[in-house]
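Structural overview
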Amino acid sequence: MMEARNIPKTPSLMREFLRQVGGVAIIDGGLATELERHGADLNDPLWSAKCLLTSPHLIRSVHLNYLEAGADIVITASYQATIQGFEAKGFSREQSEALLKKSVEIAFEARDMYYERCKSSCDGVGDGTILKIRPILVAASVGSYGAYLADGSEYSGDYGDAMTLEALKEFHRRRVQVLLEAGPDLIAFETVPNKIEAQAYAELLEEEDIKIPAWFSFNSKDGINVVSGDSLLECASIAESCKQVVAVGINCTPPRFIHDLILAIKKVTTKPIVIYPNSGESYDADRKEWVVNTGVSDEDFVSYVNKWCEVGASFVGGCCRTTPDTIRAIYRTLSHRSPAAPMQ
């Protein structure tokens, strides 16, 4: 059996992984919105990370649902999990760090459960469940400083003049260290809204001499720049120049913008491109909710997928408001993938 833990955690991991899955890897879909669909109340500054406290079994279940829909990569429930956020809730530093590690452990548990199910039914079952032995990676999510603020700042990138490069590095440093101690396969710096935070991440990776590969994914609301108005080309160039970053791309952005954003990123990077848009729905930061019926259907979403891959996407999945059905549709769309022979 070729499992993810047999793949070396080096910067070559991504290209080797892509070779093994057939050229394009499938990322999971929305986590928080799926947790809500399972009954979780996420009206809290911790958002999806609240479930680390209240209902880890739901997180595990959602991870497993995505694996059974065909995802090759699951992203941990640590996007809005920060030491500072847990401490504001009254947890000690030790408890806060344990919760961060728990997010990675839950994803590992889901992967192990999936492999166990595969052993008893390797060809899948009639309900659309995909049970297939394949390498699966666990990506530890790091949300932006704006996500910690829980005020929609990751959709504006406006941190004010008081937020400096050094302050951002110190905000993220221990959190990144703790997540890495839990042993994920890679680290996903997600929804990066501005150039200063990309620079902070890149410097942090180099200063800490981090050996686990990372990806940077930015978000855009105009299809040209990142949400702060900073140049996407400048942001992607920061990722390109950091040796620990093995993929760069876009997440939590409407599908209609993705094609042109891929072409822009390709101007400044030779690294694999990672794409996981939201459903296209609008987010009301004041009401802290998604505006219903403003997005695209799963059918429309996946109609873009082959075009994205044709122009350079190597990792494709979904972000907010996408579901296991979305990921299953992507899996079927990419069914022509020809995985390399398993390593012995």
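Residues numbered from 1 in each chain as written. Predicted model: local features only at pLDDT ≥ 70, side-chain atom pairs only at ≥ 80, totals over all residues. Heavy atoms only, no water.

1. A few points about the overall build of the chain
Convention followed: Labels follow the DSSP assignment, with helices taken as runs of H or I lasting at least four residues and strands as runs of E lasting at least two, numbered in each case from the N terminus. To sort residues, take the accessible area from a 1.4 Å probe on protein chains only and compare it with the maximum for the residue type: under 20% means buried, over 50% means exposed, and anything in between is partly exposed. We call two residues contacting when some pair of their heavy atoms lies within 4.5 Å. Values of accessible area rely on a 1.4 Å probe in the Shrake-Rupley scheme; residue burial ignores everything except the protein chains shown.
For the chain, the count of helices and strands is 14 helices and 10 strands. Counting over 344 residues, the chain shows a buried share of 59%. If you take every contact in the chain between residues at least 6 apart in sequence, the share linking residues at least 24 apart comes to 78%. Total accessible area on the chain stands at roughly 13,400 Å², and carbon and sulfur atoms take up 49% of it.

2. Notes on the pattern of salt bridges
Going by this rule: In what follows, salt bridge is the name for a side-chain nitrogen of Lys or Arg lying within 4 Å of a carboxyl oxygen of Asp or Glu.
Taken as a whole and assessed by the stated rule, the structure comprises 22 salt bridges. Of the charged contacts, one joins K89 and D44 as a salt bridge, the two residues approaching to 2.7 Å between their closest N and O atoms. Linking K89 in the loop between α5 (83-88) and α6 (93-120) with D44 in the loop between α2 (32-37) and α3 (50-54), this pair joins segments that are 45 residues apart in sequence. Connected through salt bridges with shared partners, the residues E166, K169, E170, R173, E203, E207 and E208 form a single ionic network.

3. Considerations on the UniProt feature "binding site: Zn(2+)" (unreviewed entry) in the chain
Under the convention used in this document: UniProt positions are given in the numbering used here, feature names are shortened, and annotations may be inferred rather than shown by experiment.
UniProt marks C252, C319 and C320 with the feature "binding site: Zn(2+)" (unreviewed entry), using the numbering shown here. Across 69 residues, the annotated set stays spatially compact, with a maximum C-alpha separation of 6.4 Å. Tracing the backbone through its elements, the reader meets C252 in the loop between β6 (245-251) and α11 (258-266). If you trace the backbone, C320 turns up in the loop between β10 (313-316) and α14 (324-333).

4. What about the packing of helix α4 (residues 56-68) against α6?
The criterion, for reference: Fitted lines through C-alpha atoms give the axes, limited to the stretch in contact for helices. The angle between two N-to-C directions lies from 0 to 180 degrees. Relative orientations are named as follows: roughly parallel for angles under 35 degrees, roughly antiparallel for angles over 145 degrees, roughly perpendicular for angles from 65 to 115 degrees, and oblique for any other angle. The crossing is said to be left-handed when, going from far helix to near helix, the turn is anticlockwise and less than a right angle, and right-handed when the turn is clockwise. Each residue receives one of three labels: charged for Asp, Glu, Lys and Arg, nonpolar for Ala, Val, Leu, Ile, Met, Phe, Trp, Tyr, Cys and Pro, and polar for the others, Gly being one of them.
Orientation of α4 relative to α6, taken along the N-to-C sense of each, is 45°, at an axis distance of 9 Å. Looking at the two axes, α4 sits oblique to α6. Note on packing geometry: the crossing formed by α4 with α6 is right-handed. Counted together, P56, I59, R60, H63, L64, L67 and E68 of α4 and K102, I106, A107, E109, A110, R111, M113, Y114 and R117 of α6 form the full contact between these two elements. Its residues assigned to classes, the contact of α4 with α6 comprises nine nonpolar, one polar and six charged.

5. Remarks on the confidence of the model for the chain
Basically, it comes down to this: What pLDDT reports is the predictor's confidence in each residue, on a scale of 0 through 100.
When pLDDT is averaged along the chain, the result is 89; 90% of the residues meet or exceed 70. Segment residues 1-6 is flagged for pLDDT under 50; beyond a separation of four residues in sequence, or across chains, it makes 21 contacts in the model.

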